[in-house]
Amino acid sequence: MAEAYIVGAVRSPVGRKKGGLSTVHPTDLAAHSLKALIDRTGVDPSAVEDVIMGCVMQFGPQSMDIARNAWLSAGLPETTAGVTIDRQCGSSQQSIHFAAQGVLSGTQDLVVAAGVESMSIVPMGSSITAALEKGMPFPFGEKWVERYGMQEISQFRGAELMCEKWGLKRDELERFAFESHQRAAKAIANGHFKDQIAPINGVEHDEGPRPDSTLEKLASLKTLKEGGQITAATSSQISDGSGALLIASEQAVKDHGLTPRARIHQLALLGDDPVYMLTAPIPATQKALKKAGLSIDDIDVTEINEAFAPVPLAWMKELGADPARVNPNGGAIALGHPLGGTGAILMTKLLHELERTGGRYGLQTMCEGGGQANVTIIERL
């Protein structure tokens, strides 16, 4: 049976909006992680067959196939192709899936899975705004309206709907957000991220965590919706960042003298209600665990994207997961969520945390626009 191995994983620090990475062109931000990956693995870059890169706002500086442009900007061989994909927030987690599937199929031996987003330079919603300015009914047409009606479709409404369905109140969300910042600050202070980050533009650490945050400060913020539960503090941060992983076949490991760090154990994908939008990680995780023959108790570390606090809270309630094993070093509420870059960044964190703690199985999942979710289970070697 063919295997797909992770042999390298590196990321940039995650910068705050208007922070230390806000002036770095997104192509250069992505190129930085690609070059660091090649340097750290020592692989011959001409042997890499494809660069699959997630990027959500493929507009302006992030348009024209940023995967290909970033590889060339890194000074790497022209013979390697690149493709940019969009599965919303899960774009670079899907990059990992496509790279692994290429290797597992036997048609490829070395593939880079990567992701990038500069939300400071290309704001969230840029492509939609451009279409609306031209009077285009974007992104939903008549057939969508026939099926789902004229109603608000947004991540913010989805988060509020989740609060209603799972009975999540503001104080519970804020306790979770506070813990995310505390975990992230502790991880940085203890150097847990040091080996996985390639500093850039003078930035060495993730800029998002606020170690001085208090529950009192969080309680003072206005909700995003009048009478709602969600505030900016219980939402992921607008961020800039990139990440890259090298996925190799068994033959490539032998040919290039590479060291497998983890095996891709299971890949799953599922869609759910697009109006709720954020709930798919729950059934997708259940599907992945069943396919893998594992229980949630077999998973040593989980990285579930903290798009909004209700997402991991509802997921933990439904899966019965141990909170201590979920986002142990904080999540996107504290560390940021650079859209298309998050999947690769989370997988880099997951791999390094398994190696640091000696865990065996790691699981990654996240909610995605359209009501979708990817789930990736890896086994540390």
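Residues numbered from 1 in each chain as written. Predicted model: local features only at pLDDT ≥ 70, side-chain atom pairs only at ≥ 80, totals over all residues. Heavy atoms only, no water.

- Under an unreviewed UniProt entry, the name given to the protein chain is Acetyl-CoA acetyltransferase, and the source organism is Nonomuraea glycinis.

## Digging into the overall build of the protein chain
Step number 1: Along the backbone of the protein chain there are 13 helices and 10 strands.
Step number 2: Relative to the globule expectation of 21 Å for 381 residues, the C-alpha radius of gyration of the protein chain, 20 Å, shows essentially globular dimensions.
Step number 3: Across its three principal directions, the C-alpha atoms of the protein chain cover 60 × 50 × 45 Å.
Step number 4: For the protein chain, restricting intrachain contacts to residue pairs at least 6 apart in sequence, the fraction spanning at least 24 positions comes to 82%.
Step number 5: Of the roughly 15,300 Å² of accessible surface on the protein chain, a fraction of 51% belongs to carbon and sulfur atoms.
Step number 6: If you average the places of the 35 positive and of the 44 negative side-chain charges in the protein chain, the two averages end up 3 Å apart. (Helix = DSSP H or I, 4+ residues; strand = E, 2+ residues; numbered from the N terminus. Rg over C-alpha atoms; globule rule 2.2 N^0.38 Å. Contact = heavy atoms within 4.5 Å. Areas by Shrake-Rupley, 256 points an atom, 1.4 Å probe, with all protein chains shown as cover. Lys, Arg positive; Asp, Glu negative; His and termini not counted. Charge placed at Lys NZ, Arg CZ, Asp CG, Glu CD.)

## Concerning the packing of helix α3 (residues 91-104) against helix α13 (residues 342-357)
Step number 1: The contact between α3 and α13 brings their axes to 5 Å, and the two run at 70°. Here α3 lies roughly perpendicular to α13, going by the angle between them. On α13, the residues touching S92, Q93 and I96 of α3 are T342, G343, A344 and M347.
Step number 2: Here the residues of the contact of α3 with α13 are counted per class, giving three nonpolar, four polar and no charged. (Axes fitted to C-alpha atoms, helices over the stretch in contact; angles between N-to-C directions. Parallel < 35°, antiparallel > 145°, perpendicular 65-115°, else oblique. Nonpolar A, V, L, I, M, F, W, Y, C, P; charged D, E, K, R; others polar.)

## Side note on the layout of surface pockets
Leftover empty space is mapped by rolling, across the atoms, a probe with the size of a water molecule.
Step number 1: Volume-wise, the largest pocket comes out at about 720 Å³.
Step number 2: Lining the largest pocket are 27 residues, with M57, Q88, I128, M277 and G369 sitting closest to its centre.
Step number 3: Listed by contribution, the elements that provide at least two residues to the lining of the largest pocket are α4 (126-133), α6 (155-166) and β9 (361-368).
Step number 4: Taken as a whole, the second largest pocket encloses approximately 520 Å³ of empty space.
Step number 5: A232, S235, S236, Q237 and I238 are, among the 24 residues lining the second largest pocket, the residues nearest its centre.
Step number 6: For the lining of the second largest pocket, the per-class residue count stands at 13 nonpolar, seven polar and four charged. (1 Å grid on protein atoms, 1.4 Å probe; cavity = no way out; pocket = protein on both sides within 12 Å on 5 of 7 lines; lining within 4 Å. Points joined across faces, edges and corners; volume = space filled by probe spheres on them.)

## A few points about the packing of aromatic side chains
Step number 1: This structure, assessed with the given rule, holds three aromatic pairs.
Step number 2: Relative to Y148, the ring of W144 has its centre 4.5 Å away and its plane inclined at 40°; by these criteria the two rings are tilted. Pair noted here: W144 and Y148 are both in helix α5 (residues 142-148), with a separation of four residues, about one helical turn.
Step number 3: Using a relative accessible area of 24% as the deciding quantity, one classes Y148 as partly exposed.
Step number 4: Taking 5.8 Å as the distance between ring centres and 80° as the angle between the ring planes, the aromatic pair formed by F156 and F308 counts as edge-to-face. Here F156, found in helix α6, pairs with F308, found in the loop between β8 (301-304) and α11 (310-319); they are 152 residues apart in sequence, far enough to count as distant.
Step number 5: Residue class for F156 comes out partly exposed when judged on its relative accessible area of 40%.
Step number 6: Residue classification places F308 among the buried residues on the basis of a relative accessible area of 2%.
Step number 7: Members of the aromatic cluster, joined through ring pairs, are F140, W144 and Y148. (Phe/Tyr/Trp six-rings, centres within 6.5 Å; stacked < 30°, edge-to-face > 60°. Buried < 20%, exposed > 50% of the residue type's maximum accessible area, 1.4 Å probe, protein only.)

## Details of the nonpolar core
Step number 1: Within the largest apolar cluster, 45 residues are counted, with the highest numbers of intra-cluster contacts made by L278, L289, I299, W315 and I377.
Step number 2: Contributions of two or more residues to this core are made by α6, α7 (170-189), α10 (281-292), α11, β9 and β10 (372-380).
Step number 3: Broken down by element, this core gets its largest block of residues, six residues, from α11.
Step number 4: When neighbours within four sequence positions are excluded, W315 is seen to be in contact with P281, I282, T285, I296, T302, I304, A321, V326, L363 and T365.
Step number 5: Grouped together as the second largest cluster of nonpolar side chains are 36 residues, V7, V10, A31 and V51 included. (Core = buried A, V, L, I, M, F, W, Y, C linked by side-chain atoms within 4.5 Å.)

## Quick notes on the pattern of salt bridges
Step number 1: Taken as a whole and judged by the stated rule, the model has 13 salt bridges.
Step number 2: Notably, a salt bridge pairs R183 with E179, separated by 3.0 Å at the nearest N-O pair. One end of the pair is R183 and the other is E179, both in helix α7 and four residues apart, which spans about a single turn.
Step number 3: Classification of E179 by relative accessible area gives partly exposed; the value is 36%.
Step number 4: One salt bridge connects E355 with R261, and the closest N-O pair in it is separated by 2.8 Å. (Salt bridge = Lys/Arg side-chain N within 4 Å of Asp/Glu carboxyl O.)

## Digging into unusual backbone geometry
Step number 1: Of note in this structure, M64 is not a glycine but carries a positive phi near 60°.
Step number 2: Here M64 is to be found in the loop between β3 (50-54) and α2 (66-73).
Step number 3: Overall, the relative accessible area of 71% leaves M64 in the exposed class.
Step number 4: In this structure, D65 takes a positive phi of about 60° despite not being glycine.
Step number 5: Note that D65 resides in the loop between β3 and α2.

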